[in-house]
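So the chains spell out like this:
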Amino acid sequence: MNITANDIWSAVRAIREKAPVVHNITNYVVMNSTANALLALGASPVMAHAEEEMEEMVGIASALVINIGTLSPAWIRAMFKAAEAALKRKIPIVLDPVGAGATTYRTRTARELIRAVPPEIIRGNASEIMALLEANAKTKGVDSTASSDAAVAIGRKLHAESGAAVCISGETDYTIGRTGVIRGRNGHIMMNRVTGLGCTASALCGAFAAVVSDPAVAAAEAMAVMGIAGEIAFAKSTGPGSLQLHFIDALYRLSADDIGRMLKIEAGP
């Protein structure tokens, strides 16, 4: 499926007009930055993880984002309860298997979540995606040890087995869905020096999934917006600290002209 700049701009406008509530069960490291990114884009973030309020919180949400970055038994129970509630409500679920492959605990948790309540979108770096199916795949903490190109075959298999759109971030972002593979080439390498931007990408996938019916298209559009905002931010930055500041501003000020001028995306089999 081909994605145009107009398609992406229509989705951005829908997010800004509808302000969908995106419920995030995410990690301590990124709560503030991902909430700010969602607000800057136009969505309404909720960062809640108490098991006792999961069903009610999912009840007001338009999308659920589960990020396993800082795990605990209570949080895992909350993740399963939220996912089950989202399935009943038929709202999209995004899973970010942060650090899958680093420890048995988090790899097992991600796999069990996918089996129990298959998400609409699975977004991670190459090593994380590979670890979901390969016993020997390893990550460097939460950083990838492989290029996104190396994970495409596994991503296709994961899509076939889970039914989820699989988004692999890297120098080229690959999104695998029922109509094939979407390749995005926006972004800048300095984005790797800012913690939480991968988690932010997953949060934005939730915002786009709330307004775009095809999960693969939603994920690819979110990644394109991430990359374009990153390029705009880099042009105004002197290092990672100022890039993070300008990235939030770029999301807030993103225009149809920005997308039209800068979009680098293509679809194929």
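Keep in mind it's a predicted model, so treat the numbers as computed, not measured.

A.B. asks: Explain the overall build of the chain here, please?
C.D. replies: Helices and strands together make up the secondary structure of the chain, namely 11 helices and 9 strands. For 269 residues, the compact-globule estimate of 2.2 N^0.38 gives 18 Å, and the C-alpha radius of gyration of the chain, at 17 Å, lies within 12% of that figure. Counting only C-alpha atoms and orienting by the principal axes, one finds that the chain spans roughly 45 × 40 × 35 Å. Counting only residues that meet the buried cut, the chain has 58% of its 269 residues in that class.

A.B. asks: Quick question: what am I supposed to make of the pattern of salt bridges here?
C.D. replies: Pairing between side chains becomes possible if they bear opposite charge and their charged atoms approach one another. The final tally for this structure, using the stated rule, is 10 salt bridges. Put simply, glutamate 112 and arginine 108 hold a salt bridge, and the shortest N to O gap is 4.0 Å. One end of the pair is glutamate 112 and the other is arginine 108, both in helix H5 (residues 104-116) and 4 residues apart, which spans about a single turn. For glutamate 112, a relative accessible area of 32% corresponds to the partly exposed category. We classify arginine 108 as partly exposed; its relative accessible area is 41%. Notably, a salt bridge pairs arginine 178 with aspartate 214, separated by 3.4 Å at the nearest N-O pair. Of this pair, arginine 178 sits in the loop between strand E7 (173-177) and strand E8 (180-184) while aspartate 214 sits in the loop between helix H8 (197-209) and helix H9 (215-235), and the two are 36 residues apart along the sequence. One salt-bridge network, in which partners are shared between bridges, spans Glu51, Arg77 and Lys81.

A.B. asks: Could you clarify how one ought to interpret a negative patch on the surface in this entry?
C.D. replies: Negative charge collects at one region of the surface, where Glu52, Glu53, Glu55, Glu56 and Glu84 lie side by side. Within the element layout of this structure, glutamate 52 appears in the loop between strand E2 (44-47) and helix H3 (54-59).

A.B. asks: So what exactly am I meant to see when it comes to unusual backbone geometry here?
C.D. replies: Note: most peptide bonds trans; most residues except glycine with negative phi. The backbone of alanine 19 sits at a positive phi, close to 45 degrees, despite the residue not being glycine. Along the polypeptide, alanine 19 turns up in the loop between helix H1 (5-18) and strand E1 (21-25). Residue alanine 19 is classed as partly exposed on the basis of its relative accessible area, which comes to 34%.

A.B. asks: Explanation requested: the sheet that holds strand E3 (residues 63-67) in the structure shown.
C.D. replies: In sheet architecture, strand pairing relies on hydrogen bonds along the backbone and comes in two forms, parallel and antiparallel. Ordered by their spatial adjacency, 9 strands build an open sheet running E2-E1-E3-E4-E5-E6-E7-E8-E9, and the pairing between neighbours is mixed. The sheet is open, and its two edges are formed by E2 and strand E9 (265-268), each paired on a single side. Ignoring which end each strand starts from, the neighbouring axes of this sheet average 20 degrees apart. Pairing geometry for strand E6 (residues 165-169) and E7, over 3 bridges, is antiparallel. Residue pairing for E7: isoleucine 168 is matched across the bridge by tyrosine 174.

What counts, and at which threshold
- Residues numbered from 1 in each chain as written.
- Predicted model: local features only at pLDDT ≥ 70, side-chain atom pairs only at ≥ 80, totals over all residues.
- Heavy atoms only, no water.
- Helix = DSSP H or I, 4+ residues; strand = E, 2+ residues; numbered from the N terminus.
- Rg over C-alpha atoms; globule rule 2.2 N^0.38 Å.
- Buried < 20%, exposed > 50% of the residue type's maximum accessible area, 1.4 Å probe, protein only.
- Salt bridge = Lys/Arg side-chain N within 4 Å of Asp/Glu carboxyl O.
- Patch = residues over 30% accessible without salt bridge, like charges linked within 9 Å, V, L, I, M, F, W, Y side chains within 5 Å.
- Areas by Shrake-Rupley, 256 points an atom, 1.4 Å probe, with all protein chains shown as cover.
- Lys, Arg positive; Asp, Glu negative; His and termini not counted.
- Charge placed at Lys NZ, Arg CZ, Asp CG, Glu CD.
- Pairing = 2+ DSSP bridges.
- Axes fitted to C-alpha atoms, helices over the stretch in contact; angles between N-to-C directions.

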